[in-house]
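So the chains spell out like this:
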Amino acid sequence: MYPEIDFLYLNEEDMIRAGVLDAKRCIETMKDTISLFGKKDFLLGGPKANEHGLQMNFPQKSDIEGFPLEDGPDRRFMAMPAYLGGRFHIAGQKYYGSNSHNSSLGLPRSILMVTLSDVETGAPKAIMSANLLSAMRTGAMPAMAATYLANKDSKVLSLIGPGVINRCALMCYMEVLPDIETIKIRGSSKTSKTALAMKEFIERNYPQVKEIVLCDSLKEACEDADVVSEAMSASKENLEEFKLEWFKKGTTVFSMGSFLYRKYDDFLNTTMVVDNYGMYEKYMSNFKARGEYDEFGNKREWVIMGIHFVHLVNTNQILREGVKNICDIVNGKEKGRTSKDEIVMCSIGGMPLEDLSWGYDCYEKALELGVGQKLKLWDEPYMK
């Protein structure tokens, strides 16, 4: 007699009922997650357990008819396995496909699923819709970090890239930065669909915000901001370059997407913070492995903030200890913001640990509420 192997399927509506959009709770889960990361009670993929995931890159050109090409930003398939210990003690993975052309079909750019698995047997415990899960855990991370890195009296928040990620980030920032009264928005234009949708979302949900500014340029969005939240997914040729001179003293900058900056040594005048330094080292290694030029002869350049920090360490412009870890700050081993005037640059690339922890908490809530559909894997395996 074989033990039953049932698992819970949670669609997006189920996930909403299970609290996936609960910003306050998600922030606390991210704090628990990054604390466990700092205690090394986790596993990620790769021989050093620090890989973001396994990504399948498409070529930019092919002689094979109908072959899928990288003809837009963020064209990829990716599997992100992980194990997280502590109160979670769960294994699993996030898997997704991403294509910017999905918008023409009325679909989100990325379509994501998360699987939770029993650590001992590998049996599935849950399979869940993960677009909202992933967006919320991504947005909750900078908000959690802001409790340590941002000035407590921050009043001006700038959202650069007003898509789903920054909408979820906004929900989380508003939980931890209660004095925000001005929000700047930088989309592809002042009248872009996403910029106007973000403005409407703020007006509808945050009446305490006194001013909403639709910005003409990246410079305008950065100037006078206390907290800058970057979550862009534009193609590299359309990216604007940031300038350190735009940020006033005391600004905290969170980058979750693309941060184009070429004068790397400017960062030496800031406080640099990362979520997983080893992950950015791997990004740098992968960047070099792809070659200096792409298939069309264009010179490659990295646009991830954390890789800028790795470059400074690798070129001996700063010691590794000069880049702080969020986990060490959370666990009390390192100080966060140490002065009101310092400029803090924080790179948050995201890890599947966060998908597992927030997915696990939503799964537990779904069980409590009786939400979702129980599915059977087998009565007993056909081949033994």
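Residues numbered from 1 in each chain as written. Predicted model: local features only at pLDDT ≥ 70, side-chain atom pairs only at ≥ 80, totals over all residues. Heavy atoms only, no water.

Visitor: Mind showing me how you'd approach the overall build of the protein here?
Guide: Scanning the protein from terminus to terminus reveals ten helices and 16 strands. In terms of its C-alpha atoms, the protein occupies a principal-axis envelope of roughly 70 × 55 × 45 Å. When burial is assessed residue by residue, the protein has 54% of its 384 residues classed as buried. Taking as baseline every contact in the protein between residues at least 6 positions apart, the subset at least 24 positions apart corresponds to 74%. Only carbon and sulfur atoms are counted for the fraction: they give 51% of the accessible area of the protein, which is about 18400 Å². When the 47 positive and 54 negative side-chain charges of the protein are each reduced to one mean point, those points stand 2 Å apart. (Helix = DSSP H or I, 4+ residues; strand = E, 2+ residues; numbered from the N terminus. Buried < 20%, exposed > 50% of the residue type's maximum accessible area, 1.4 Å probe, protein only. Contact = heavy atoms within 4.5 Å. Areas by Shrake-Rupley, 256 points an atom, 1.4 Å probe, with all protein chains shown as cover. Lys, Arg positive; Asp, Glu negative; His and termini not counted. Charge placed at Lys NZ, Arg CZ, Asp CG, Glu CD.)

Visitor: I would appreciate a short explanation of the side chain of Lys324 in the present structure.
Guide: Along the chain, the position of Lys324 falls in strand β14 (residues 323-325). Of the side chains bearing the opposite charge, Glu334 lies closest to the buried Lys324, which forms no salt bridge; the N-O distance is 4.4 Å. In this structure the side chain of Lys324 is engaged in a polar contact, spanning 3.0 Å, whose partner is the backbone oxygen of Lys335. There is a polar contact of 3.1 Å between the side chain of Lys324 and the backbone oxygen of Gly336. (Salt bridge = Lys/Arg side-chain N within 4 Å of Asp/Glu carboxyl O. Polar contact = N/O pair within 3.5 Å; in protein donor to acceptor, adjacent residues only side chain to side chain.)

Visitor: Quick question: what am I supposed to make of the packing of helix α3 (residues 131-149) against helix α10 (residues 352-369) here?
Guide: Between two packed helices, the angle of one axis relative to the other and the distance separating the axes together describe the packing. The interhelical angle for the contact between α3 and α10, taken along N-to-C directions, is 110°, at an axis separation of 9 Å. The angle between α3 and α10 falls in the class roughly perpendicular. In the crossing of α3 with α10, the sense of the turn from one axis to the other is right-handed. On α10, the residues touching Leu133, Ser134, Met136, Arg137 and Met141 of α3 are Glu354, Asp355, Trp358 and Gly359. Partitioned by chemical class, the residues of the contact of α3 with α10 number four nonpolar, two polar and three charged. (Axes fitted to C-alpha atoms, helices over the stretch in contact; angles between N-to-C directions. Parallel < 35°, antiparallel > 145°, perpendicular 65-115°, else oblique. Left-handed = near helix turned anticlockwise from the far one by under 90°. Nonpolar A, V, L, I, M, F, W, Y, C, P; charged D, E, K, R; others polar.)

Visitor: Whenever I open this one, helix α5 (residues 193-205) confuses me. Can you help?
Guide: Since there are 3.6 residues in each turn of an α-helix, residues three or four apart along the chain are aligned in direction. Across its 13 residues, α5 extends 18 Å between first and last C-alpha, which sits within 8% of the 18 Å expected from 1.5 Å per residue. Listed in full, the buried residues belonging to α5 are Ala195, Met198, Phe201 and Ile202. The buried residues of α5 occupy an angular sector of 120° when projected down its axis, which confines them to one face. Residues of α5 that are exposed and point more than 90 degrees away from the buried face comprise Lys193 and Arg204. (Expected span 1.5 Å × (residues − 1). Arc of directions from axis to C-beta.)

Visitor: Is there a simple way to explain the packing of aromatic side chains in this structure?
Guide: Enumeration according to the criterion identifies 14 aromatic pairs in this entry. Judged by centre distance (6.3 Å) and plane angle (10°), the rings of Phe259 and Tyr261 are stacked. What makes Phe259 buried here is its relative accessible area of 0%. Here the aromatic residues Phe242, Phe259, Tyr261, Phe267 and Phe309 are joined through ring pairs into a cluster of three or more. If you follow Arg75 out to its NZ or CZ, it ends over the ring of Phe58, 4.1 Å from the centre. (Phe/Tyr/Trp six-rings, centres within 6.5 Å; stacked < 30°, edge-to-face > 60°. Lys NZ or Arg CZ within 6 Å of the ring centre and 35° of its normal.)

Visitor: Any chance you could explain the environment of Thr194 here in plain terms?
Guide: Tracing the backbone through its elements, the reader meets Thr194 in helix α5. Counting along the chain gives 32 residues from Thr194 to Pro162, while the straight-line C-alpha distance between them is 5.7 Å.

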